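Summary of structural features
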Amino acid sequence: MSDRVVLAYSGGLDTSVAIKWLEEKYNLKVVTLTVDIGNVPDFEAIRQKALKIGAIKALVVDARESFIKSFVFPALQADAVYEGQYPLATALGRPLIARLLVEAARKERARVIAHGCTGKGNDQVRIDVSVAALAPELKVIAPAREWKMTREQTIEYAQAHNIPVPITKASPYSIDENLWGRSNECGVLEHAWNEPPEDVFLWTKSPEKTPAQPAYLEIGFDHGIPVSLDGQELDSVTLVQKVHNLAGQHGIGRIDHIENRLVGIKSREVYEAPAAVVLLKAHQALEDLVLAKEQLRFKARVAAEYADLIYNGLWFTGMRQDLAAYVESTQRYVTGTIRVKLFKGSCQIVGRKSTYSLYDYSLATYDKGDAFDQSASPGFIHIWGLPARTQARVQPEPPE
Ligand code: ARG
């Protein structure tokens, strides 16, 4: 009797070919698993396609809520952005997909997991490492890393095996999308000098074509988690989707990044992440209001570490748990409301309020009601400047 494999299935060409290839090459019975983490159409059609090609079972899991709650929001609380630019949408989706593959493999008594990642990217690392951490007994096969077929040969293989190949010219880009963002690679984008053509963008309007009037939005946070829009409480998935739609309408969230991949190459990535850009900016603005200077400085260092860890596929590690515990602690008072203005591709913070605000009007104002004791400043400056004066006396600055 042949063993079973659970294949992460997107419905695209590579993973469709993989169904047959796993059967032919490894004599495996294929169970496909398609994970809904947002913004992908028609799951029933994908399921039917898998069965038609030869899968013995085709599973679809709606994981949008766990994606947002267990992966996206912790990353938002951390302000995790890779290399200061990429909000990590694809990178956050992979450990969840890996966990669901492991769960399905256990349920289906499969001994093998398969995915469509190539041998050149970060995604293979994220899935392989996550599966190994969660279920070391499972074997992982990545057909596209093994079969050494060019795109043409993959299409020929598909045609020879009656696997439907989209008749329309397939998108020239390699795309991955979920609620937190959309990643585009390949085609003309591989030439770093080329401006991304408009057809790369699906979620964001070109700023040339956005409304002539700005939109305002009030985002309510509770312990660093966005919970309401314009005073209306919303579930996590709806909230992210609404911000996504509005920000996309105003052309916000286009990111063009020369990125350092884990496997050592630089790659040109074009992202659309309207919800992520707005929510990260709003979250940071609230932290500016309620966290002390030292907390903000240290947290920014943790954010960079956390982003690297997510990018590098190390979600299921002790280090991730430790960073998450620190971040969780920093969010104790990150509760309040941020007002943003969305206009012509940019998101500006125009208002902030919180019960826990450390911004004190009576200390900051130059108007009536100033409570700052200016007469104490000379004494403070005398002590503060002591080391500078001492050093200047003993080690004078050389003349220019
Ligand atoms: N460079 C990004 C990352 O490593 C995006 C990867 C996109 N994946 C894809 N299959 N197109 O997270």
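Below: a short report on this structure. (Residues numbered from 1 in each chain as written. Predicted model: local features only at pLDDT ≥ 70, side-chain atom pairs only at ≥ 80, totals over all residues. Heavy atoms only, no water.)

Scanning the chain from N- to C-terminus turns up 14 helices and 14 strands. Dimensions of the chain, computed from C-alpha atoms along their principal axes, come out at roughly 85 × 50 × 45 Å. The buried share among the 400 residues of the chain stands at 46%. Considering only intrachain contacts with a sequence separation of at least 6, the fraction spanning at least 24 residues in the chain is 73%. A total of about 20800 Å² of accessible surface is found on the chain, and carbon and sulfur atoms cover 54% of it. For the chain, the centre of its 46 positive side-chain charges and the centre of its 49 negative side-chain charges are spaced 3 Å apart. (Helix = DSSP H or I, 4+ residues; strand = E, 2+ residues; numbered from the N terminus. Buried < 20%, exposed > 50% of the residue type's maximum accessible area, 1.4 Å probe, protein only. Contact = heavy atoms within 4.5 Å. Areas by Shrake-Rupley, 256 points an atom, 1.4 Å probe, with all protein chains shown as cover. Lys, Arg positive; Asp, Glu negative; His and termini not counted. Charge placed at Lys NZ, Arg CZ, Asp CG, Glu CD.)

So, about the pairing of strand E14 (residues 346–353). Where strand E13 (residues 336–343) meets E14, seven bridges bridge the pair, whose relative direction is antiparallel. Across the sheet, Phe343 pairs through a bridge with Ser346, a residue of E14. The hairpin formed by E13 and E14 contains two residues between the paired strands, and Lys344 there has a positive phi angle of roughly 50 degrees. (Pairing = 2+ DSSP bridges.)

Moving on, we get to the sheet that holds strand E9 (residues 225–229). Strands in a sheet are paired, the pairing made by backbone hydrogen bonds, and the direction either parallel or antiparallel. The antiparallel open sheet is built from five strands, whose spatial order is E10-E9-E8-E13-E14. Strands at the two margins of the open sheet, each flanked by one partner only, are strand E10 (232–233) and E14. With two bridges connecting them, E9 and E10 associate as antiparallel partners. In the strand pairing of E10, Leu229 is matched with Gln232. Taken strand by strand, helix H9 (residues 274–290) contacts strand E8 (215–222), E9, E13 and E14, and its axis lies near 35 degrees from that of E14. (Axes fitted to C-alpha atoms, helices over the stretch in contact; angles between N-to-C directions.)

Let us look at the sheet that holds strand E6 (residues 174–178). In space, the four strands of this open sheet follow the order E6-E7-E12-E11, with antiparallel pairing throughout. Two strands bound the open sheet, and with one partner strand each, they are E6 and strand E11 (254–260). Across the sheet, the axes of successive neighbouring strands diverge by a mean angle of 25 degrees, strand direction being ignored. Looking at chain direction, E6 and strand E7 (residues 181–185) are connected through five bridges and run antiparallel. By the bridge assignment, Asn178 is partnered in E7 with Gly181. Against the sheet, helix H4 (residues 89–107) touches E6 and E7, its axis set at about 70 degrees to E6.

Now for the side chain of Ser2. Take Ser2: it is sitting in the segment before strand E1 (4–8). The class for Ser2 is buried, based on a relative accessible area of 16%. Residues contacting Ser2, with those up to four places away along its chain left out, are Asn27 and Lys29.

Geometrically, a packed helix pair is captured by the angle between its two axes and the distance between the axes. Between helix H13 (residues 377–384) and helix H14 (residues 386–394), whose axes approach to 4 Å, the crossing angle comes to 45 degrees. Classified by the angle between their axes, H13 and H14 sit oblique to one another. Packed against H13, whose contacting residues are Ile381, His382, Ile383 and Trp384, the element H14 presents Leu386, Pro387 and Arg389 at the interface. Partitioning the contact of H13 with H14 into residue classes produces five nonpolar, one polar and one charged. (Parallel < 35°, antiparallel > 145°, perpendicular 65-115°, else oblique. Nonpolar A, V, L, I, M, F, W, Y, C, P; charged D, E, K, R; others polar.)

A full pass over the atoms with the stated rule returns 23 salt bridges. A salt bridge links Arg126 to Asp123, with the shortest nitrogen-to-oxygen separation between them at 2.7 Å. Highlighted residues: Arg126 and Asp123, both in helix H5 (residues 123–134), separated by three residues, approximately one helical turn. Its salt-bridge partner being Arg254, residue Glu198 comes within 3.1 Å of it at the nearest N-O pair. You can see Glu198 sitting in the loop between E7 and E8 and its partner Arg254 sitting in strand E11, a full 56 residues away along the chain. Judged by its relative accessible area of 25%, Arg254 is partly exposed. Overlapping salt bridges, with partners in common, bring together Arg94, Asp123, Arg126 and Asp176 in one network. (Salt bridge = Lys/Arg side-chain N within 4 Å of Asp/Glu carboxyl O.)

What follows concerns the packing of helix H3 (residues 64–78) against helix H8 (residues 236–249). Contact geometry of H3 with H8 gives a least axis separation of 8 Å together with a crossing angle of 80 degrees. In terms of axis orientation, H3 runs roughly perpendicular to H8. Note on element contacts: H8 touches H3 through Ser236, Val237 and Val240, opposite Arg64, Glu65, Ile68, Lys69 and Phe73. Looking at the contact of H3 with H8, its residues break down into four nonpolar, one polar and three charged.

Okay, the site of the ligand next. In the vicinity of the ligand there are 16 residues, among which Tyr86, Asn122, Arg126, Glu259 and Glu269 approach most closely. At 3.0 Å from a nitrogen atom of the ligand is found a side-chain nitrogen or oxygen belonging to Glu269. Considering the ligand on its own, with 340 Å² of exposed area, one finds that the protein chains cover 90% of that surface. For the shell around the ligand, the secondary-structure elements that each account for two or more residues are H4, H5, E6, E7 and strand E12 (266–272). Here the residues of the shell around the ligand sort into five nonpolar, four polar and seven charged. (Near = heavy atom within 4 Å. Polar contact = N/O pair within 3.5 Å; in protein donor to acceptor, adjacent residues only side chain to side chain.)

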